[in-house]
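What follows is the residue order along each chain.
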Amino acid sequence: MDRQPTLEGERVLLRPLLEDDWDDLFAIASDPAVWEQHPIHDRWREDVFRTFFADAMEQGGALAIIDKAKDQVIGSTRFQHLEDADGGSIEIGWTFIAPRYWGRGINAEVKQLMLTHAFESVARVDFRVGETNYRSRIALENIGAERTRETELAQYQGKRVLHLVYAITRDAFATGPLMAQASSDD
């Protein structure tokens, strides 16, 4: 599976993340509101975000989210952890979008593009989200992701961080809310 495709929707373009995207992304990430519900709530700090950005570049799979109308970077997302077992799976995550785009369907469009691409190669897509990141949990449920029984425990700054695992299968996506919405838009 190509983890750094170029995908185009009605309002957004997803393309491989570039080192040159640093300034635009940090301008978005430096707003503490972006991270207020995230387990790593201080990612607005330059040193913390620099680590996040470097990891995105090193791991591959990172995409810049571009507002097509303005030709402007408005966020980032990733494909990570490609697995071959049981028909294949991949994780989508690490998504953040400029607050001025929240509640406008941009995240749903990004996820629809990514899921459509992923399901050409894998049977399941996983998402990991911090237990207290209610904004992301609601967004995942709105696109048809279902919480699994899996959880992951991590540590950040000496504190316990619980991540919940959500998933969408190829079949559930084909009949889910994102595809229903796409059909009604036609």
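### Comments concerning the side chain of Asp 21
- Within the secondary structure layout, Asp 21 lies in the loop between β2 (12-16) and α1 (22-29).
- Side-chain polar atoms of Asp 21 contact the backbone nitrogen of Leu 18, separated by 2.8 Å.

### Description of the packing of aromatic side chains
- Scanning all chains against the criterion turns up nine aromatic pairs.
- Ring centres 5.8 Å apart and planes at 40° place the aromatic pair Phe 26 and Phe 49 in the tilted group. Pair noted here: Phe 26 is in helix α1 and Phe 49 is in helix α2 (residues 46-59), with a separation of 23 residues, a long-range link. Neither Phe 26 nor Phe 49 differs from the other in exposure class; each is buried.
- With 6.0 Å between their ring centres and 65° between their planes, Phe 52 and Phe 96 make a pair best called edge-to-face. One end of the pair, Phe 52, is in helix α2; the other, Phe 96, is in strand β5 (residues 89-97), and 44 residues separate them in sequence. For the pair shown, Phe 52 and Phe 96 are each scored as buried.
- These aromatic residues form a ring-pair network of at least three members: Trp 22, Phe 26, Phe 49, Phe 52, Phe 53 and Phe 96.
- Just above the ring of Phe 52 sits the side chain of Arg 78; from NZ or CZ to the centre is 4.9 Å.

### Focus: the packing of α1 against α2
- Where α1 meets α2, the closest approach of the two axes is 11 Å, and the angle between their N-to-C directions is 130°. Comparing the axis directions of α1 and α2 gives the class oblique. Note that α1 runs across α2; the crossing there is right-handed. The segment α1 lies against α2, with Trp 22, Leu 25, Phe 26 and Ala 29 engaging Glu 46, Phe 49, Arg 50 and Phe 53.

### Some remarks on helix α3 (residues 106-118)
- An ideal rise of 1.5 Å per residue puts 18 Å on 13 residues; α3 measures up with 18 Å between its terminal C-alpha atoms.
- Extensive coverage of α3 is indicated by the burial of 10 of its 13 residues.

### With respect to the environment of Asp 84
- Along the chain, Asp 84 falls in the loop between β4 (72-83) and β5.
- On the basis of relative accessibility, which here comes to 71%, the residue Asp 84 falls in the exposed class.
- For the pair formed by Asp 84 and Ala 123, sequence separation is 39 residues and the distance between their alpha carbons is 9.6 Å.

The rules behind each value
Residues numbered from 1 in each chain as written. Predicted model: local features only at pLDDT ≥ 70, side-chain atom pairs only at ≥ 80, totals over all residues. Heavy atoms only, no water. Helix = DSSP H or I, 4+ residues; strand = E, 2+ residues; numbered from the N terminus. Polar contact = N/O pair within 3.5 Å; in protein donor to acceptor, adjacent residues only side chain to side chain. Phe/Tyr/Trp six-rings, centres within 6.5 Å; stacked < 30°, edge-to-face > 60°. Buried < 20%, exposed > 50% of the residue type's maximum accessible area, 1.4 Å probe, protein only. Lys NZ or Arg CZ within 6 Å of the ring centre and 35° of its normal. Axes fitted to C-alpha atoms, helices over the stretch in contact; angles between N-to-C directions. Parallel < 35°, antiparallel > 145°, perpendicular 65-115°, else oblique. Left-handed = near helix turned anticlockwise from the far one by under 90°. Contact = heavy atoms within 4.5 Å. Expected span 1.5 Å × (residues − 1).

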